[in-house]
Amino acid sequence: MEGLLEKLKSGDEKALEELVYIHIAKVFNFSFSILKSKEEAEEVSQDVFIKLWNSREKLDTALPVDRLLFRIAKNLTLNKIRDNQKHKHGVEVSENLLIGNSTMEDILFKEMETTLLKAIETLPPRRKIIFELSRLQGLSNKEISEKLDISVNTVEGQIRKAIKTIHSYTDSISV
């Protein structure tokens, strides 16, 4: 994962695509858990990766990718809440929420992580191994195919199916 941030920092668009591919579901689920709007959560999710790309030269590659994305998602989600409050002329959002309570961050991050791990556990054994090698250990599709003695196309297909299953799982529990 650290390599992806380094590549992103140097302007590698493929690294951005890979980060989106790996993390979009977590970012969406976090935003959706707060906003309760699929459209707004999708908008925030896209904006997270746009902001990541636009600020790539200033990235601190020592930070874990999840924490970095979570911080951006939290700020953009809170901005969305603020904007919604301005449009509704409603009650002000709690200052604790707007300041960015780190306890809330930790709880929400753990909740997202737990949900993802539960979703991964629902995968068939072989698909789970392939997904974990790709997404958790950062191996390339070619490395996985060589390690498991299967074709690169099989690896890609299994990863696509795993992501579809994970999206379905997270969609079913967040609604």
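Scroll up to find the structure.
Novice: Which residues make up the layout of surface pockets, and what values do they have?
Specialist: Within this model, the largest pocket holds a volume of roughly 450 Å³. What lines the largest pocket is a set of 20 residues, and nearest its centre among them are Leu4, Glu18, Arg135, Leu139 and Ser140. Those elements that provide at least two residues to the lining of the largest pocket are helix H1 (2–9), helix H2 (13–35), helix H7 (125–136) and helix H9 (152–174). The dominant element in the lining of the largest pocket, judged by the number of residues it contributes, is H2, at six residues. Classifying every residue of the lining of the largest pocket gives seven nonpolar, five polar and eight charged.

Novice: I'd like a rundown of the packing of H7 against helix H8 (residues 141–148), residues and numbers included.
Specialist: Packing of H7 against H8 leaves a shortest axis separation of 9 Å and a crossing angle of 135°. One way to sum up the angle between H7 and H8 is to call them oblique. As for how H7 packs across H8, the hand of that crossing is right-handed. Counting all contacts with H7, which are made through Arg126, Ile129, Ile130, Leu133 and Ser134, the residues of H8 involved are Asn141, Ile144, Lys147 and Leu148. Here the contact of H7 with H8 is composed, by residue class, of five nonpolar, two polar and two charged.

Novice: Just give me the short version of the side chain of Lys26, but keep the residues and values in it.
Specialist: Relative to the assigned elements, Lys26 resides in helix H2. Of the residues examined, Lys26 reaches a relative accessible area of 14% and is grouped as buried. For Lys26, the contacting residues outside a window of four places in its chain are Asp66, Met112 and Leu116.

Novice: Can you tell me about the pattern of salt bridges, naming the residues and giving the values?
Specialist: Counting across every chain of the model gives four salt bridges. In this structure, Lys128 and Glu121 form a salt bridge, with 3.0 Å as the shortest nitrogen-oxygen distance.

Novice: I'd like to hear about H8, residue by residue, with values.
Specialist: Here H8 has its buried residues at Ile144, Ser145 and Leu148. Each buried residue of H8 sits inside an arc of 100° when the element is viewed along its axis, so together they form one side. Exposed side chains of H8 directed beyond 90 degrees from the buried face belong to Lys142, Glu146 and Lys147. Positive phi appears at Asp149, one or two residues downstream of H8, with a value of about 55°.

Novice: Summarise the environment of Gln158; cite the residues concerned and give the values.
Specialist: Within the fold, Gln158 resides in helix H9. Along the chain, Gln158 and Lys128 lie 30 residues apart, while their C-alpha atoms are 8.8 Å from each other.

Here is what the cut-offs are and how they apply
Residues numbered from 1 in each chain as written. Predicted model: local features only at pLDDT ≥ 70, side-chain atom pairs only at ≥ 80, totals over all residues. Heavy atoms only, no water. 1 Å grid on protein atoms, 1.4 Å probe; cavity = no way out; pocket = protein on both sides within 12 Å on 5 of 7 lines; lining within 4 Å. Points joined across faces, edges and corners; volume = space filled by probe spheres on them. Helix = DSSP H or I, 4+ residues; strand = E, 2+ residues; numbered from the N terminus. Nonpolar A, V, L, I, M, F, W, Y, C, P; charged D, E, K, R; others polar. Axes fitted to C-alpha atoms, helices over the stretch in contact; angles between N-to-C directions. Parallel < 35°, antiparallel > 145°, perpendicular 65-115°, else oblique. Left-handed = near helix turned anticlockwise from the far one by under 90°. Contact = heavy atoms within 4.5 Å. Buried < 20%, exposed > 50% of the residue type's maximum accessible area, 1.4 Å probe, protein only. Salt bridge = Lys/Arg side-chain N within 4 Å of Asp/Glu carboxyl O. Arc of directions from axis to C-beta.

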